[in-house]
Amino acid sequence: PRLLSQFFFADERVTRVVAEINGLDAELDPQQYLVLLNQLHLSQAHLLAVLERIMEECIPTQRHSRDYLVKFPEELLVDNLGNHMLFAAECLLAGTFLEVEESDGAQLRPRARNLLCSLELVRTVLREQSLSQPNSYPEPVRAVLIQFDRLFAEFELSYVSSLVAVKSPDEIYRQQEIIVLFCETVERALHLGYLTQEMIDGYDPLLMFTIPRLAIISGLLIYPEGPLSLERSPEEMSRVFSPFYNLLKKIRDLLRVLSAEELCLLERSLCTAE
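Only a predicted model underlies this, so the values are computations on that prediction, with no experimental measurement involved. (Residues numbered from 1 in each chain as written. Predicted model: local features only at pLDDT ≥ 70, side-chain atom pairs only at ≥ 80, totals over all residues. Heavy atoms only, no water.)

Chemist: Quick rundown of the layout of surface pockets? Include the residues and the values.
Modeler: In this structure, the largest pocket spans a volume of roughly 450 Å³. Lining the largest pocket are 21 residues, and of these E52, L81, G82, F152 and E156 sit closest to its centre. For the lining of the largest pocket, the leading source of residues is helix α2 (residues 30–58), giving seven residues. The class makeup of the residues in the lining of the largest pocket is eleven nonpolar, three polar and seven charged. (1 Å grid on protein atoms, 1.4 Å probe; cavity = no way out; pocket = protein on both sides within 12 Å on 5 of 7 lines; lining within 4 Å. Points joined across faces, edges and corners; volume = space filled by probe spheres on them. Helix = DSSP H or I, 4+ residues; strand = E, 2+ residues; numbered from the N terminus. Nonpolar A, V, L, I, M, F, W, Y, C, P; charged D, E, K, R; others polar.)

Structure, rendered in structure tokens:
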């Protein structure tokens, strides 16, 4: 159950697979080479997962900030992102630029080298610690973990930033505005009886249609200074709504002529699946 013991055996597995790859002629046995590469990928992912748990146990308050993750496209936020970063660093150090431009890769290589050197130091230190005192984390161990955590985060941010366009602070703020609008819309709909708590607790599929519809009305009439504010230019709005700027203006103008009773009837009708 001890994490350092788990790390020792995970590290042994990585070392063994690497040795098998180095002793194999890939041209003579390409299929076995691919099998070993897959084993290496899986064993490295397991090693990183154990290392992550060790850092959470050993340096929980000294971890490098990962706030930058909110800037990443959602499709990149997967469980194996860390392992992908490690593979990318190894490719860069070998002079292979699989996903980035060569000029970006050249700038990233020093970070990749520092990251991989730090990982090797972490592996050495933790192996020694697991064989001597597997129940403690002395200061030298903590120091190498803190350094590795920082280098990993810096490489991850730099690499992804060169790969895709990360969100700007303004885009993140606009996204948060939409989240707030949807939350206030749900609270208002519960208060007015358009929705029930049972529908929300049960993840009623109808909510995928109902909440966005009600949010448009709330954003145009109830919270006109929020993310649907038409006082902004289309460029200042979230990309979710900016393509429909002119349509939203027409909807707002129509909503303004409705009485309170007519607005209530409209909102109730929008809560159906039709």
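That shown, we press on.
Chemist: I'd love a proper account of the packing of α2 against helix α3 (residues 81–93), names of residues and values included.
Modeler: With their axes 9 Å apart at the nearest point, α2 and α3 run at an angle of 120° to one another. In this view, α2 runs oblique relative to α3, as classed from their interaxial angle. Between α2 and α3 lies a crossing whose hand is right-handed. Counted together, H41, Q44, A45 and L48 of α2 and G82, N83, L86 and E90 of α3 form the full contact between these two elements. (Axes fitted to C-alpha atoms, helices over the stretch in contact; angles between N-to-C directions. Parallel < 35°, antiparallel > 145°, perpendicular 65-115°, else oblique. Left-handed = near helix turned anticlockwise from the far one by under 90°. Contact = heavy atoms within 4.5 Å.)

Chemist: I'd love a proper account of the confidence of the model for the protein chain, names of residues and values included.
Modeler: Mean pLDDT over the protein chain: 89, with 98% of residues reaching 70 or higher. Per-element confidence in the protein chain is highest for helix α1 (residues 3–22), whose mean pLDDT is 94, and lowest for α3, whose mean pLDDT is 88. (pLDDT = per-residue confidence, 0-100.)

Chemist: Pulling in residues and values, what's your account of α2?
Modeler: Compared with an ideal rise of 1.5 Å per residue, which puts 29 residues at 42 Å, α2 spans 41 Å between its outermost C-alpha atoms and is within 8% of the ideal. Turning to α2, the residues buried within the fold contact α1, α3, α4 (102–132) and α5 (139–163). (Expected span 1.5 Å × (residues − 1).)

Chemist: Describe the pattern of salt bridges, naming the residues involved and giving the relevant values.
Modeler: This model, assessed by the stated rule, comprises 14 salt bridges. Where R63 meets E52, a salt bridge forms, and the shortest distance between an N and an O atom there is 3.1 Å. Linking R63 in the loop between α2 and α3 with E52 in helix α2, this pair joins segments that are eleven residues apart in sequence. Judged by its relative accessible area of 34%, E52 is partly exposed. Between D149 and R66 there is a salt bridge; the shortest N-O distance is 2.7 Å. With D149 in helix α5 and R66 in the loop between α2 and α3, this pair connects stretches of sequence that are 83 residues apart. Overall, D149 belongs to the buried group, its relative accessible area being 0%. Residue R66 is classed as partly exposed on the basis of its relative accessible area, which comes to 23%. Through salt bridges with shared partners, a single network forms among D11, E12, E120, R123 and R127. (Salt bridge = Lys/Arg side-chain N within 4 Å of Asp/Glu carboxyl O. Buried < 20%, exposed > 50% of the residue type's maximum accessible area, 1.4 Å probe, protein only.)

Chemist: Summarise the nonpolar core; cite the residues concerned and give the values.
Modeler: A general tendency of soluble globular proteins is for nonpolar side chains to be buried together. Within the largest apolar cluster, 45 residues are counted, with the highest numbers of intra-cluster contacts made by L51, I54, L126, L145, F148, F155 and Y159. Taken together, the elements giving at least two residues each to this core come down to α1, α2, α3, α4 and α5. Among the elements that make up this core, the one with the highest residue count is α5 (ten residues). Residue contacts for F155: discarding those within four places in its chain leaves M85, A88, A89, L92, L108, R111, A112 and L115. (Core = buried A, V, L, I, M, F, W, Y, C linked by side-chain atoms within 4.5 Å.)

Chemist: Tell me what's going on with the packing of aromatic side chains, and back it up with residues and numbers.
Modeler: Tallied over the full model, the rule gives three aromatic pairs. Ring geometry for F148 and F152: centres 5.7 Å apart, planes at 65°, overall edge-to-face. With a gap of four residues between them, F148 and F152 both fall in helix α5, about one helical turn apart. The same class applies to F148 and to F152, which are both buried. With centroids separated by 5.6 Å and ring planes inclined at 25°, the aromatic side chains of F155 and Y159 adopt a geometry described as stacked. (Phe/Tyr/Trp six-rings, centres within 6.5 Å; stacked < 30°, edge-to-face > 60°.)

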